[in-house]
Structure formats: C-alpha cells, structure tokens
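So the chains spell out like this:
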Amino acid sequence: MKYSSLIFSALILLNVVLWYGVVFGGPKPYLQTYFLNIGQGDSTLTILPGGVKLLVDGGPDKSLLSELDRVLPANDRYIDMVLLTHPQLDHFSGFISLLERYKVGIFIWNGRPGDVEAWQDLTNSLSEAKTPTIILSRNDKINYKDSFISILSPDKELVKSSELNDTGIVAELFSSGIKELFTADIGFVVEDILANLYDLNADILKVGHHGSKYSSGVGFLSEASPLVSVIQVGKNNYGHPTPDAINRLTQSGSSVYRNDRDGRVNVVALNGLLNVFKSK
Amino acid sequence: MKLHDAAFYLAAFFIIGIGAASLNINLWLFLISIPFIVWYVLKSKYTGGILLKWACLFLITAFIGYFYYNFHTAINKEYLILDESFTFQGAVYKEPFHGLDSQAVDIRLKTPYKGNVRIYTSLYPEYHYGDFIEVNGKIIKSDSSDLNISLSPKVNLVSSNNGSSAKVFLFSFKSKLVGNLGRILPGEQSAFMVGILFGERSGFSKEFTEALQKSGTTHLVALSGYNISIIAVALATLLSYFFKRSKAFWLTVFFIITFVLMTGGEESVVRAAIMGIIFLISERSSRLYSLRNAITLTAAIMLLFNPELLVFSVGFQLSFAALLGIIYLRPLIEKVTKFKGGGSFLGWRENLLQTTSAQLATLPILITTFGRFSFSGILANVLLLEFMPLTMFLGFMGALTGLFSYHLSLIIGWVTNILLSYEIFIINLFGSYLT
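Once a new chain begins, its residue numbering starts again from 1 and follows that chain's sequence as written. Throughout, the order in which chains and ligands are written sets their labels, letters from A for the former and numbers from 1 for the latter. pLDDT decides what is reported in this predicted model: residues at 70 or higher carry local features, side-chain atom pairs at 80 or more are listed and counted, and totals for whole chains, interfaces and linings draw on all residues regardless. Values reported for side chains reflect all heavy atoms of the structure, with hydrogen atoms and water molecules removed beforehand.

Colleague: Looking at this structure, I do not really get the overall build of chain A. What am I missing?
Modeller: Counting its regular elements, chain A contains 8 helices and 15 strands. On C-alpha atoms alone, chain A measures out to a radius of gyration of 19 Å, which is about the 19 Å that the 2.2 N^0.38 rule sets for 280 residues. Classification of residues uses two cut-offs on accessible area relative to the type maximum, computed with a 1.4 Å probe and protein chains only: under 20% is buried, over 50% is exposed, and between them is partly exposed. A total of 280 residues make up chain A; the buried ones form 55% of that total. It only takes one pair of heavy atoms within 4.5 Å for two residues to be counted as in contact. Contacts in chain A between residues at least 24 apart in sequence constitute 63% of all its contacts with a sequence separation of at least 6. A total accessible area of about 12,500 Å² is found for chain A, and carbon and sulfur atoms account for 56% of it. Distance between charge centroids for chain A: 7 Å, based on 25 positive and 30 negative side chains. Working definition: helices are DSSP H or I runs of at least four residues, strands are E runs of at least two. Numbering for both runs from the N terminus. Just to be clear, the radius of gyration here is over C-alpha atoms, and the globule rule we use is 2.2 Å times residues to the power 0.38. Reported accessibility uses the Shrake-Rupley method at a 1.4 Å probe radius. Residues are deemed covered only where the shown protein chains occlude them. Under the convention used here, Asp and Glu are negative, Lys and Arg are positive, and both His and the chain ends fall outside the count. In plain terms, the charge of a residue is placed at NZ if it is Lys, CZ if Arg, CG if Asp and CD if Glu.

And the structure:
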C-alpha cells in the first residue's frame, strides 16, 4: 500500500477540518455586508446576524464566484436569498454561473423581464435549478429574527417605466440597530419620489448607478445622510464614478469607498459601531 | 526486414516527406537519390536483396508524404476576408470555452467563405456545439497562434441542435461532470481539476496560467500521454475482471475514443490516446511494446489528419520532444550520472529523472519560441508528479459520484481539495515567488 500513510494523514486532516467547522463555524452574531469586487456592476452579499445570506445582484461575469470563494467557507454552497434589482447584464450575469454552483433558497425580482438575449440563459438556469422565484414591490417586507428588509421601490407604475434603471428594486435593511440602503441603478426621478415617501436616514448606502452623474442627488443625500457609502464600480467607458457624484457624497458628510480603488469592501456592524475593511 | 522495422521506416519516411514539403524544400532534391536507387537496382541483379525493394518503397513513401502535404493544404485552403468588417455564418464545431468573463466559440465558416474562426464574445448568451450563428465583425490573425480570431463582433443565433447527437450527448455529459466538480470544490481548485482531467484551461485566472508557465508545469493540464496511459491501464485492468480479454480490450479502446471526443479532440489528447491504444494493442498481441514504433506511428497518424502540425504547431513539437527525451535521454543521463530511479520517498528519484530528461529535450524549442526556460520547474515537477494519478482518480470519482449523490461526492471533494490545494500552492510558489 503505497498511499496508505498518505490516505491516513488525509483522513486525520479531514477530521481536524470538520471538527474545526463544528466548533468555530457557527453563524456570526453580527451584521456583515460585503461589497464584492466584481468589476463594473453591482453585487452585495449581506450576512444577517444568525447566518442568513442575502445576495443583491450578481455582477457582470464569473468573478462573482471567485469573490464568494474568498468570502464564504469552502463547504458553504447555500445562499438563502438572491435579489435581482433590475434585468441588466451588469446586475444579473453572475447569477447564471452562481446557480450552477450554489443552491439558492429564493430568487427575488421586480417582475420586469430583460430584453437582452442572456435573460433567457438566466430563466433557463432558474428553472433547471428549480429555484423558487417571487416578485416583490413597494411595501413588501421580509423578516428574519431581529432583521427586517423592506422594499421601497418600484411600485406597479414604476416597474413599467421605459427607463429600465427606474424599475430597480430599492431595499432598506434594518439589523443590529443599523440601517442599510440598496439603491440599484436609480436616478434623480426615483430618488425624489422616495425622499418624499420615506424617512431614508441610513448608515450604509450602496450608491446608485455606479456613481453616475444623474444619481445621488443633493436632496436625496441630505435625507439619507449615510455614514459609509460604497460605489460599486470597475473599469468602464461611462466615466463612472463621476466627480459630481463623489463631491455630493463627500459634501453630505459620508466616507466614500469604491471597489475599483479599495477592492472588496466589507462593512461589519459590531456593538453599534461600523468597521470598514478593504481588500486593497 | 521484419514487419515492425518496415512499419517504422515507412512512417518515418512519410514524416520526412511532410517535413520537406512544409519547409518548402524542393521536390527535385529528392530525385538526387534516383541514381542510388538505379545503382541499387543494378546491384540487386547480383544480390537479389529484398532491401532494395524496401528502399524504393521508402522513397515512394517520402514522395507520398510530400504530395499529401501539398494536397491537404490545397483542399483546405481557407478563403476569408481579413481586417475588414463583414457578415459571415458558420457552425460551432466544438463545445465553446466558457471563460471567466468571455467565451471562445470556434466556428467552421459556411460558403462562400472557408476556414475556421475563433470568436471571442461576451459570456452570455452561451453558445453550444451544434449552433449555427451569424457574425458581423472583423477577422484578424491571432498574435499568439496561427488561429483566425474575431474580437467581440455582433453575434446572432440562427439555429441550434445541428450537431451529431452522439457529440451533443458527450459534451453535455462532460459539462455535467465539470458542473459536479464546481459544486464540490472551491473555484480555483475546481478549475485546476477540470484542467487536469479534461485539459480545459478556460477557468484559469491570468495569474494562474502565468504561474503554470513560469513553473514549467503547464503539461499537467495538457493531458499528457502519461495521464492517458494511466487511465488506459486502469480501465483495461478493471474491465478484464468483468469481460473476456478481447472484449475488455475493445471496450477500453471505445472508452478512450469516447473520452477524446468528450474533450473536444485537442491535439495533445489525440496524441496521448493513440499512444494508449497502440500500447494496448501491443500488449494484447503479446509483442514487445516498442516505444520507437509507437511514437513514429502516432506522429504519422496525427499528421495524416493534419500535416501542418509537424512544422507549425509548437504543442505538437513540445509533446514529442518531451516523449523522445524521456525515452532516449533518460537512459543516457542514468548512465552518465549513475543516478538511478526506482523506489524512493514519494518516488522523487523517478520523477526527477523523468522531468530532467523531458525538460532538457524541450529546452531548444522553449528557448527559440518563448525565450524562457524555468530551472526551478524541475523541482516543482518532482514535488507534484507523484500526486497527479491519485488526484485524477479522486477527482474523477468525485465528479462521477456527484451524478448519484451530492453528499457523498462532497466528502470525496474534501479529500481531493487537500491534494489540489497543495498542488496549487506549489505551482504558485514556483511560478510567482521563486522565479
């Protein structure tokens, strides 16, 4: 038996790994948000206290998978909730490869089908993986233990908008005394609607539309007044993020992080304090 | 002359003919040898030697090789427009490579154009073998190979499911296995495993590809003949428990061919498979397995399919150089240095000899074409080679088990992961830090 000692040591190692997982691998009691570094596109993984995972958008390609590999333990292949804000390639492409590798508890979307060819690939993958799907819109809510997610937009009218960016799901998350705002690719129009309807005051903001000139308006930002804002942006030809948006964000008193410079940004809410970790 | 010698010389002269044709050596130079033949003929009246007939036959074989090359290039001459935007249609003739942020789709052009083009397009929608597509864009020559490529043109699907159903089945079976590996291994590890098993490198990051090159370990993901002969022997032994000898043989051959088709018929896989089959045949007919014959015949058969490989494919040259190195340089090195292979811790002596001789033999080609050579690669290979068969075995079992039970395959995946992580660590160590 040439390999017997090798197999024996492999088994011992496997035991150590397993028991380590059993003893230390339990869910963390605090809120973590990873703004994944997936290039030009959006993808945010939030792990609620108690371990439930919410993945908002999937980025433009398979870099989502390598980012998840770095963030999640190797044997964790389950994501409880996947939320697609709106059917654009830089938001949903990554989900297609995600569904091949991960089991997804539920797929949440706005009900507006995409008009690009790749949309068919996504719907095929969803039905192949037998993933349950649900359409959510304004005033729908998700509860888990002491965490709440409420959907602020779109309503029945907005979701039909000819401007696809206005149909994006805007979600608000309360957890561990922290409020987070996910603003998809919305522009001034939707921002103003929301500023009129809700108390937007937030601690963490996923900046709208990769720091576009036509998002993150002054009125909206003074309502939201985030402590930490993260711009999800990579190499692109649109000029994202624009100096205009960045200036407005800094003037609102927020610290601004961006994936293209800071890499993956991890915001941990511990005992009412926000800790920001950057991978670069 | 014995039959196996005759086969060797016939194949060798055929290869010489092809080589002459691809290097544009004039046909008439061959005719210089005619006086010698005539002389031989005259002489034969006295000796009646059979050798003479063979000599004529060999010369004719060289001519056949020469003509075959020209004939092959003439009928396969491509016809397409370079460096200009136009619309063309073509059939996807093998399963595209789905990379990290783009896919590479190989198509065979439809008339009025002729030739093959590799199209780089966005990751989605995914195209598959058997699709027929319309493309609008520019075709250019690739910098790094002799491929025609087209970078992010406009692509429209015209129709799908035009391919052979056997191939469709094999490709979907393979992608199922690949998918299973993805579910039980972390991303980097599963990409490497897919590389080792199927020779597919599309899942590799740029850094990892570079690390493989710099550490001299790219051959691990190129399905070497070594890998396939392991599979062939294991299969044949396994099948011989269940079937009669001849049936087991044919089944093994069948599975090897299936495997080659599954991997899309990459050159290195074909070479390895032919070697494996010849190995099995010689074992079956209880004749001594002559490596010299096996190599020349393999080369001749491969050149029959594509005579341009000999001079224009670095991959072809590298793999044969490595093989020749292991067979002919190794005994020489053993003799000169008095360094013997055989039993040692993790077989390091055996692996050191193997690697050194292969690296030495490929050295001239590597330096002239890539301008670099890695000496630390010898050490990297010694540290890796012993683990490859076990890794292959476990990975394959993991992928297969995944078809029946996810949880069982997950356990196999954990064990495989340990080996793979070690291998990736060594490759990165020698590829990025120690060069």
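Colleague: Looking at this model, I keep getting lost on the interface of chain B and chain A. Mind explaining?
Modeller: One frequently used descriptor of interface size is the decrease in accessible area upon assembly of the parts. The interface of chain B with chain A comprises 26 residues on the first partner and 22 residues on the second. When the area that chain B buries against chain A is broken down by residue, the three leading residues are Tyr 124, Trp 414 and Ile 418 of chain B, summing to 29%. Should a side-chain nitrogen of Lys or Arg be within 4 Å of a carboxyl oxygen of Asp or Glu, the pair is scored as a salt bridge. Here chain B is connected to chain A by 0 salt bridges. Identification of polar contacts relies on pairs of N or O atoms within 3.5 Å, with a donor-acceptor requirement for protein atoms, meaning one able to donate a hydrogen and the other able to accept it, and with residues adjacent in sequence counted only if both atoms are side-chain atoms. On inspection of chain B and its partner chain A, the count reaches 10 residue pairs in polar contact (both at pLDDT 80 or more). Mapped by element, the contributors of at least two residues to the side of chain B that touches chain A are β8 (154-159), α5 (165-184), α6 (187-198) and α17 (406-433) of chain B. Per element, the largest residue contribution to the side of chain B that touches chain A is 4 residues, and it comes from α17 of chain B. For this classification, Asp, Glu, Lys and Arg are treated as charged, while Ala, Val, Leu, Ile, Met, Phe, Trp, Tyr, Cys and Pro are nonpolar and the rest, including Gly, are polar. Grouping the constituent residues of the side of chain B that touches chain A by class yields 15 nonpolar, 6 polar and 5 charged. Computed with a 1.4 Å rolling probe, the buried area is the accessible surface lost when two parts are put together, summed over both parts.

Colleague: I tried to follow the nonpolar core on my own but got confused; where do I start?
Modeller: Taken as a class, soluble globular proteins show a tendency for nonpolar side chains to be buried jointly. Grouping buried Ala, Val, Leu, Ile, Met, Phe, Trp, Tyr and Cys residues that are joined through side-chain atoms within 4.5 Å yields what is termed a nonpolar core. Membership of the largest hydrophobic core comes to 44 residues, with the highest contact counts inside it found for Leu 181 and Phe 192 of chain B. With 7 residues, α6 of chain B is the single largest residue contributor to this core. Formed by 29 residues, the second largest nonpolar core is a distinct cluster that contains Ile 38, Leu 98, Val 104 and Phe 107 of chain A.

Colleague: What should I look at first to understand the sheet that holds strand β4 (residues 78-83) of chain A in this one?
Modeller: Neighbouring strands of a sheet are bound in pairs by backbone hydrogen bonds; such pairs are parallel or else antiparallel. All names here are of chain A. When DSSP locates at least two bridges between a pair of strands, those strands are taken to pair. One open sheet accounts for 8 strands, arranged β6-β5-β4-β3-β2-β1-β14-β15; its pairing is mixed. Edge positions in the open sheet fall to β6 (133-135) and β15 (273-278), since each of these has one partner strand only. Adjacent strand axes in the sheet meet at a mean angle of 20° when their direction is disregarded. One ladder, built from 6 bridges, connects strand β14 (residues 265-270) with β15; its direction is antiparallel. Looking at β15, one finds that Val 265 is bridged to Lys 278. Lines are fitted to the C-alpha atoms to define the axes, a helix being fitted only along its stretch in contact, and any angle between axes, read from their N-to-C directions, falls within 0 to 180 degrees.

Colleague: How should the packing of aromatic side chains be read in this particular structure?
Modeller: Centre-to-centre distance and the angle between the planes together describe a pair of aromatic rings. Residues and elements named next belong to chain A. Aromatic pairing here means that ring centres of Phe, Tyr or Trp (its six-membered ring) are within 6.5 Å. Orientation follows from the plane angle: under 30 degrees is stacked, over 60 is edge-to-face, and everything else is tilted. Tallied over the full model, the rule gives 21 aromatic pairs over all chains. Between Trp 109 and Trp 119 the ring centres are 5.8 Å apart and the planes differ by 45°, which places this aromatic pair in the tilted class. Of the two residues, Trp 109 is situated in strand β5 (residues 103-109) and Trp 119 in helix α4 (residues 118-128); the sequence distance between them amounts to 10 residues. Note on Trp 119: relative accessible area 8%, which makes it buried.

Colleague: Explain the pattern of salt bridges to me, please; I cannot follow it from the model alone.
Modeller: Any two side chains of opposite charge can pair if their charged atoms end up close together. Residues and elements named next belong to chain A. Going through the model one piece at a time under the given rule, you end up with 14 salt bridges over all chains. Taking the shortest distance from any N to any O, the salt bridge between Lys 278 and Asp 262 comes out at 3.7 Å. One end of the pair, Lys 278, is in strand β15; the other, Asp 262, is in helix α8 (residues 259-262), with 16 residues separating them in the sequence. Looking at Lys 278, the relative accessible area reads 45%, which means it is partly exposed. Salt bridges sharing partners connect three or more residues here, namely Glu 67, Arg 70 and Arg 264.

Colleague: I would appreciate a short explanation of the sheet that holds strand β8 (residues 147-153) of chain A in the present structure.
Modeller: Residue and element names in this part refer to chain A. One open sheet accounts for 7 strands, arranged β7-β8-β9-β10-β11-β12-β13; its pairing is mixed. Looking along the sheet, the strands with just one partner apiece sit at the ends: β7 (141-144) and β13 (255-258). Within this sheet the neighbouring strands show an average axis-to-axis angle of 15°, counted without direction. Summarising the sheet, strand β10 (residues 178-182) and strand β11 (residues 204-206) pair through 3 bridges and their orientation is parallel.

Colleague: How should the UniProt feature "domain: Metallo-beta-lactamase" (unreviewed entry) in chain A be read in this particular structure?
Modeller: Those residues carrying the UniProt feature "domain: Metallo-beta-lactamase" (unreviewed entry) are residues 54-208 of chain A in this numbering. A distance of 18 Å separates the end C-alpha atoms of residues 54-208 of chain A, which is 28% helix and 28% strand. UniProt positions are given in the numbering used here, feature names are shortened, and annotations may be inferred rather than shown by experiment.

Colleague: Any chance you could explain the UniProt feature "transmembrane region" (unreviewed entry) in chain A here in plain terms?
Modeller: In the numbering used here, UniProt assigns the feature "transmembrane region" (unreviewed entry) to residues 6-26 of chain A. Secondary structure within residues 6-26 of chain A divides into 90% helix and 0% strand; the distance between the first and last C-alpha atoms comes to 30 Å.

Colleague: Is there a simple way to explain a nonpolar patch on the surface in this structure?
Modeller: Residue and element names in this part refer to chain A. Together, Leu 18, Trp 19, Tyr 20, Val 22, Val 23 and Phe 24 make up an exposed nonpolar region whose accessible area comes to about 710 Å². As for its placement among the helices and strands, Val 23 is situated in helix α1 (residues 4-24). Owing to a relative accessible area of 57%, Val 23 belongs among the exposed residues under this scheme. Two distance rules govern patches: like charges are joined within 9 Å, and nonpolar side chains (Val, Leu, Ile, Met, Phe, Trp, Tyr) within 5 Å, applied only to residues with over 30% relative accessible area and no salt bridge.

Colleague: Explanation requested: the environment of Asp 90 of chain A in the structure shown.
Modeller: Residue and element names in this part refer to chain A. Counting through the fold element by element, Asp 90 comes out in helix α3 (residues 89-101). A residue is classified by how much of its surface remains accessible, and Asp 90, at 18% relative accessible area, is buried. As for Asp 90 and Leu 13, which are separated by 77 residues in sequence, their C-alpha atoms are 40 Å apart. There is a polar contact of 3.1 Å between the side chain of Asp 90 and the side chain of His 210.

Colleague: What is the right way to look at the side chain of Thr 258 of chain B in this model?
Modeller: You can see Thr 258 of chain B is positioned in helix α9 (residues 245-262). In terms of polar contacts, Thr 258 of chain B uses its side chain to reach the backbone carbonyl oxygen of Phe 254 of chain B, at 2.5 Å.

Colleague: How should I be thinking about the packing of α6 of chain B against α17 of chain B in this particular structure?
Modeller: Between two packed helices, what matters for the description is the angle formed by their axes and the separation of those axes. Residues and elements named next belong to chain B. The interhelical angle for the contact between α6 and α17, taken along N-to-C directions, is 90°, at an axis separation of 10 Å. Classified by the angle between their axes, α6 and α17 sit roughly perpendicular to one another. On α17, the residues touching Glu 188, Gln 189, Phe 192, Met 193 and Ile 196 of α6 are Thr 416, Asn 417, Leu 420, Ser 421, Glu 423, Ile 424, Ile 427 and Asn 428. Among the residues forming the contact of α6 with α17, the class breakdown is 6 nonpolar, 5 polar and 2 charged. Oblique is the label for any angle not covered by the other classes, which are roughly parallel (under 35 degrees), roughly antiparallel (over 145) and roughly perpendicular (65 to 115).

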